[in-house]
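Geometric and topological summary
Listed here are the chains, written in short residue letters.
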Amino acid sequence: MKYKSIILYVVLFAAIATACRKGNSGGNQAPPPPEKKVTVSTFAGDGTGAYLDGPLLSAKFSTPMDVAISADGILYVADYNDRRIRKISGGQVSVLAGNGTFGSRNGAGDTAQFVDPYRIEVDPGGNVYELDQADFRVRRITPSGVVSTYAGTGVFGFKDGDASVAQFANNMGGIAIGTGGSVYIDDTNNGRIRKISAAGQVSTFAGKETKGFVNGDTSVAEFLNPNGILFDKQGNMYVADNGNYCIRKITPAGMVSRFSGMGTHGMADGAAGTAQFHYIYDMVIDKDGNLLLCDGDRIRKVNPAGEVLTIAGSTTGYADGDGPTAQFNYPAGLAIDAEGNLYVADAMNNRVRKISFN
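Residues numbered from 1 in each chain as written. Predicted model: local features only at pLDDT ≥ 70, side-chain atom pairs only at ≥ 80, totals over all residues. Heavy atoms only, no water.

**So, the overall build of the protein chain**
On a plain count of helices and strands, the protein chain comes out with one helix and 29 strands. Each of the three principal axes of the protein chain carries a C-alpha extent, and together these read 100 × 50 × 35 Å. With 358 residues in all, the protein chain has 51% of them scored as buried. When the accessible area of the protein chain is evaluated, it comes to approximately 15,300 Å², of which 56% is carbon and sulfur surface. Taken as two groups, the 33 positive and 35 negative side-chain charges of the protein chain have centres that lie 7 Å from each other. (Helix = DSSP H or I, 4+ residues; strand = E, 2+ residues; numbered from the N terminus. Buried < 20%, exposed > 50% of the residue type's maximum accessible area, 1.4 Å probe, protein only. Areas by Shrake-Rupley, 256 points an atom, 1.4 Å probe, with all protein chains shown as cover. Lys, Arg positive; Asp, Glu negative; His and termini not counted. Charge placed at Lys NZ, Arg CZ, Asp CG, Glu CD.)

**Quick notes on the environment of Lys36**
Along the chain, Lys36 turns up in the loop between α1 (2-24) and β1 (38-44). A relative accessible area of 57% places Lys36 in the exposed class. Sequence spacing of Lys36 and Ile175 is 139 residues, and the spatial spacing of their C-alpha atoms is 29 Å. Once you skip the residues sitting within four places of it in the chain, Lys36 turns out to touch Phe357 and Asn358. (Contact = heavy atoms within 4.5 Å.)

**Overview of the sheet that holds strand β28 (residues 342-346)**
With respect to topology, five strands assemble into an open sheet ordered β26-β1-β29-β28-β27, the strand pairing being antiparallel. Sheet topology places β26 (321-322) and β27 (331-336) at the edges, where each strand pairs with a single neighbour. (Pairing = 2+ DSSP bridges.)

**Section: the layout of surface pockets**
If you add up the space inside the second largest pocket, you get close to 170 Å³. Lining the second largest pocket we find Ile177, Gly178, Thr179, Tyr184, Phe205, Phe231, Asp232, Gly235, Ile250, Thr251 and Pro252. Classifying every residue of the lining of the second largest pocket gives six nonpolar, four polar and one charged. (1 Å grid on protein atoms, 1.4 Å probe; cavity = no way out; pocket = protein on both sides within 12 Å on 5 of 7 lines; lining within 4 Å. Points joined across faces, edges and corners; volume = space filled by probe spheres on them. Nonpolar A, V, L, I, M, F, W, Y, C, P; charged D, E, K, R; others polar.)

**Concerning the confidence of the model for the protein chain**
For the protein chain, the mean per-residue pLDDT works out to 92, and 91% of the residues sit at or above 70. Under a pLDDT of 50 for its full length, residues 1-27 has, in the predicted model, four contacts with residues more than four places off or in other chains. (pLDDT = per-residue confidence, 0-100.)

**Some thoughts on the side chain of Asn349**
On the secondary structure map, Asn349 appears in the loop between β28 and β29 (351-357). When its relative accessible area of 9% is taken as the criterion, Asn349 is described as buried. Polar side-chain contacts of Asn349 include one of 2.9 Å to the backbone oxygen of Gly317. Ignoring sequence-local partners within four residues, the contact set of Asn349 consists of Gly47, Gly317, Tyr318, Phe328 and Asn329. (Polar contact = N/O pair within 3.5 Å; in protein donor to acceptor, adjacent residues only side chain to side chain.)

Written as C-alpha cells, this is what we have:
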C-alpha cells in the first residue's frame, strides 16, 4: 500500500504540473479572434472612362485618383481626367465643383476649373482640400462647392511664409488634417512635409532640400519622394517614403524614424524589418491603429508593430470577390468610413471599389 500511495502521489503531482505549464503558456486562454473575411465589390462607376452623373453603378468616371469621406458620410472623388470633384451621397453621383475644362479658376460649383485633381481630404467642417498634380496651389472647396485658393501662387518653387506668397512644387502627393485647423501637405518633389496653419502661414514641418534617408530631428531628417501622410490618435505622423521603400514615423516631439519596410523594392509581407513596398499611393488608418495602404495593385495592412499583410488584390485587372482573388488596376486613393469599410479609387478601372470586413 505504501508503494501504491507513492505512485499515486507522483502521478497526481505530474498531472498538476502539466496543467500549470499549460496555463502559464496560454493553453487555457481563448485563442485570438480569426482574421475577418475581406470582400471587394464595385461601389460606383460602370467602368467606362467618361463623365456621367446619376445612380452609383451607371455613373461614369475618368481615372478617379483619390477619395475622401466626410464626417456625415459623403464620399468625394477626385475625378482626374474629368477635371471635377464628384460627390456621392444617397446612392447618387453628382458634381461638387468643376466644369471639366482645363484651368485654375476659382468660383462656385461648375464655374470653377481644375487642371488634374489628384489628392483630396476633408476637414471636420466638411471642407475639401484639393491638390492638382500639375498645379502648384492648394485649393479649398466648401461643402456648398465654392472653390478658392488656400495656399500657393501657382508658381513652381519652394517658399515658406504667408499662404498668399508661399510656393510649392508639382506632384504634391498627400494631405493630412492636423489639430487646431492646420493642414499638412506632402510636397513630394521638394522632399518636405509642409504645414499650413489656421492663420494662413506656411512652414516646413519635416525634411530639407537635400533628398535621401536620414532619421532624427525633423530639421535634419531627409526623405526621398514622400507621397502619402496621415496622423494617428496619438499625434504621430506616418509618411510613405516611396524613394526609400519604407514608411517613416514622426513623433509629436519631432523625431523621425523608420516604422516599416526594409528599404528595398518588392512586395514581401512580414515583419517591419523584412517587409517590402512597391509604391504606396495613399494611406488611411483604422480605429485599431492599423495603416491601410494602396501599394502597387494591392491593398495592404500595416499593424501598430509595423508588420505587413496583403489583404486584397493580386494581379492587375478587374475582379470583385474575396480579397486574395480580387483585382485592381492602379488603386490610387483610399478612404475609410465610420464602420471601417474601405473605398478605393481604382483609377484605370474607372470605378470606386468598396472593401468590407466581416
